[in-house]
Amino acid sequence: MPPGTSIRTPNTFCGQIIHSVKWVPVLFLICIVAWSYYAYVFQLCILTVKTFFEKLIYLIIYHFLLVIFLWTYWLTIFTPPATVPRKFLLPPEEFEKMGRTTDETVQRNILENFARTLHVVNRTLNGAVRFCEKCQVVKPDRAHHCSVCGVCILKMDHHCPWVNNCVSFTNYKFFLLFLGYAFLYCFFIDITSLQYFILFWKDLQGNLENSSKFHILFLFVVAAMFCTSLASLFIYHLILVGKNRTTLEAFRHPVFIIRGPDKNGFNLGTMNNFQEVFGDRTLLWFIPVFTSLGDGINYPLKIYSEDTDHLLGPRWEDEEAGSSSLLH
């Protein structure tokens, strides 16, 4: 697939079937949310909660969390991942040269010569330029090939079946906000339904019909399960953001030209790492609009050296070194 194009869509019957099956986890979550809306709004707030003021407060906060949670979920699903620009595409004649030889040294030299002007600093474990044979591109720093999407993705974190999309440079902020607001959504349901859940088990809520009791019980249990899993996943990704690592980089450390494998190669300090994902405008941090810094291709590194500027890329304000510069 040519770089810079959209994710491929299947054009065969079997491909269409596989493509449709990938939406099952998303549809499952949507059904859970739809049922939770009925259980919380109708069964809990309307039929169970007694005071009007309590109902009003519950419904206002609930709908606010629901809207922003679904907003971030929508953006995480439908924001297209950024693919590799065409300038990283190896010319056909050079690709043919690589195919005609089995000499790894010759192949490596072809890629090194082509990548000389691309300013890529990540390498393979043996020090060679990272190259994707399927996309026929030199991989930009932090880019990886997604076998599900069938294309190389800029700053790929992972492919998430629950959003049927790659979590990457273009939607990583949306994904984090989705985890955070989904957690708050479930947590709010739990804390507001807890007293009625307890009353049900103690059989002190005699005016509730059996169906209502079932919905309230199941609502609390399901929300608690999702709340626990979302909290752990959200905390894990916040740790990754604080260290400026993707999920892939946490399992396989990026390799650099000079330093070799270095898990902290992109670590610029906690605040700078946070701003790289959420942007430098504080008022927009928690709003689902794209504010991530950079272009998804060039990334500032922890160590900056004047005589290797062309290798280490753009600078950033480094809290430890005390040096500063702009990413753009």
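Residues numbered from 1 in each chain as written. Predicted model: local features only at pLDDT ≥ 70, side-chain atom pairs only at ≥ 80, totals over all residues. Heavy atoms only, no water.

**Student:** Hey, could you run me through the nonpolar core in this one?
**Tutor:** As a rule of thumb, nonpolar side chains are buried together in soluble globular proteins. Residues Tyr40, Tyr62, Phe69, Tyr172, Phe178 and Tyr185 are the most contacted members of the largest nonpolar core, which totals 46 residues. When contributions to this core are tallied by element, the ones reaching two or more residues are helix 2 (24-46), helix 3 (52-78), helix 6 (172-201), helix 7 (210-243) and helix 9 (270-278). It is helix 6 that provides the largest number of residues to this core, a total of 13 residues. If you look at the next biggest cluster of nonpolar residues, it comprises 33 residues, including Met98, Ile110, Val120 and Ala143. (Core = buried A, V, L, I, M, F, W, Y, C linked by side-chain atoms within 4.5 Å. Buried < 20%, exposed > 50% of the residue type's maximum accessible area, 1.4 Å probe, protein only. Helix = DSSP H or I, 4+ residues; strand = E, 2+ residues; numbered from the N terminus.)

**Student:** I'm lost on the sheet that holds strand 9 (residues 260-261) in this one. Help?
**Tutor:** One key point about sheets: their strands pair by backbone hydrogen bonds, in either a parallel or an antiparallel sense. Ordered in space as 1-8-9, the 3 strands form an open sheet in which the pairing is antiparallel. Bordering the open sheet on either side are strand 1 (122-123) and strand 9, each of which pairs with just one other strand. Both strand 1 and strand 8 (residues 255-256) contribute to a ladder of 2 bridges, which runs antiparallel. Bridge pairing links Arg123 to Val255 in strand 8. (Pairing = 2+ DSSP bridges.)

**Student:** Just checking my understanding: could you explain unusual backbone geometry for this structure?
**Tutor:** Across the chain, the bulk of peptide bonds are trans and the bulk of non-glycine residues have phi less than zero. Positive phi, normally seen in glycine, also occurs at Asn164, with a value near 50°. Relative to the elements of secondary structure, Asn164 occurs in the loop between strand 6 (158-160) and strand 7 (165-167). Phi is positive for Asn244, close to 55°, though the residue is something other than glycine. For Asn244, a relative accessible area of 4% corresponds to the buried category.

**Student:** Would you mind showing me how to read helix 5 (residues 104-115) here?
**Tutor:** Taking 1.5 Å per residue as the helical rise, helix 5 with its 12 residues ought to reach 16 Å, and the 16 Å between its terminal C-alpha atoms agrees with that figure. For helix 5, the set of buried residues is Ile110, Leu111, Phe114 and Ala115. Considered in projection along helix 5, the buried side chains sweep an arc of 120° and stay on one side of the axis. In this fold, the buried residues of helix 5 make contact with helix 4 (92-100), strand 2 (131-132) and strand 3 (137-138). If you check the start of helix 5, you find a side-chain oxygen 2.9 Å away from the backbone N of Thr105, and it comes from Asp103. (Expected span 1.5 Å × (residues − 1). Arc of directions from axis to C-beta. Contact = heavy atoms within 4.5 Å. Polar contact = N/O pair within 3.5 Å; in protein donor to acceptor, adjacent residues only side chain to side chain.)

**Student:** Would you explain the environment of Pro254 in this entry?
**Tutor:** Note on placement: Pro254 falls in the loop between helix 8 (247-251) and strand 8. Between the C-alpha atom of Pro254 and that of Arg123, which follows or precedes it by 131 residues, the distance is 7.7 Å. Contacts of Pro254, omitting those with residues within four sequence positions, involve Asn122, Glu249, Gly260, Pro261, Asp262, Lys263 and Phe266.

**Student:** Looking at this structure, I do not really get a nonpolar patch on the surface. What am I missing?
**Tutor:** Together, Phe52, Phe53, Leu56, Ile57, Ile60 and Ile61 give the surface a local cluster of nonpolar side chains, amounting to about 610 Å² of exposed area. Along the chain, the position of Leu56 falls in helix 3. (Patch = residues over 30% accessible without salt bridge, like charges linked within 9 Å, V, L, I, M, F, W, Y side chains within 5 Å. Areas by Shrake-Rupley, 256 points an atom, 1.4 Å probe, with all protein chains shown as cover. Salt bridge = Lys/Arg side-chain N within 4 Å of Asp/Glu carboxyl O.)

**Student:** Before we go on, may I ask you to explain the side chain of Glu54 in this structure?
**Tutor:** Within the secondary structure, Glu54 sits in helix 3. No salt bridge is formed by the buried Glu54. Its closest oppositely charged neighbour is Lys55, at 9.0 Å. Within the local environment of Glu54, its side chain forms a polar contact with the side chain of Tyr58, the two groups lying 2.8 Å apart. Here Tyr196 takes part through its side chain, which lies 3.3 Å from a polar atom of the side chain of Glu54. Leaving out residues up to four positions away in the same chain, Glu54 has contacts with Val49, Gln195 and Tyr196. (Lys, Arg positive; Asp, Glu negative; His and termini not counted.)

**Student:** Honestly, the packing of aromatic side chains in this entry has me stumped. Any pointers?
**Tutor:** Note on aromatic pairs: each is described by the distance of the centres and the angle between the planes. As enumerated under the stated definition, the model contains 25 aromatic pairs in all. Between Phe95 and Phe131 the ring centres are 6.2 Å apart and the planes differ by 40°, which places this aromatic pair in the tilted class. You can see Phe95 sitting in helix 4 and its partner Phe131 sitting in strand 2, a full 36 residues away along the chain. For Phe95, a relative accessible area of 26% puts it in the partly exposed group. Each ring, one from Phe214 and one from Phe218, has its centre 5.7 Å from the other, and the planes form 10°; the classification is stacked. Placement of both Phe214 and Phe218 in helix 7 is noted, with a separation of 4 residues, approximately one turn of the helix. Through pairs of rings, three or more aromatic residues link up here, namely Tyr37, Tyr40, Tyr58, Tyr62, Phe69, Tyr73, Phe175, Phe178, Tyr185 and Phe188. Sitting over the face of the ring of Tyr299, Arg142 holds its NZ or CZ atom 5.0 Å from the ring centroid. (Phe/Tyr/Trp six-rings, centres within 6.5 Å; stacked < 30°, edge-to-face > 60°. Lys NZ or Arg CZ within 6 Å of the ring centre and 35° of its normal.)

**Student:** Whenever I open this one, the pattern of salt bridges confuses me. Can you help?
**Tutor:** Enumeration over the complete set of coordinates arrives at 7 salt bridges. With its nearest N and O atoms 3.9 Å apart, the salt bridge here joins Arg100 to Glu96. Here Arg100 and its partner Glu96 are both found in helix 4, 4 residues apart, which amounts to about one turn of the helix. The class for Glu96 is partly exposed, based on a relative accessible area of 47%. Between Glu112 and Arg123 there is a salt bridge whose closest N-O contact spans 3.9 Å.

**Student:** Help me understand the environment of Phe234, please; the structure alone is not making it clear to me.
**Tutor:** Tracing the backbone shows Phe234 in helix 7. Classification of Phe234 as partly exposed rests on a relative accessible area of 22%. Placed 52 residues apart in sequence, Phe234 and Ala182 show a C-alpha to C-alpha distance of 9.8 Å. With residues near it in sequence (within four places) discarded, Phe234 still touches Leu176, Leu179 and Gly180.

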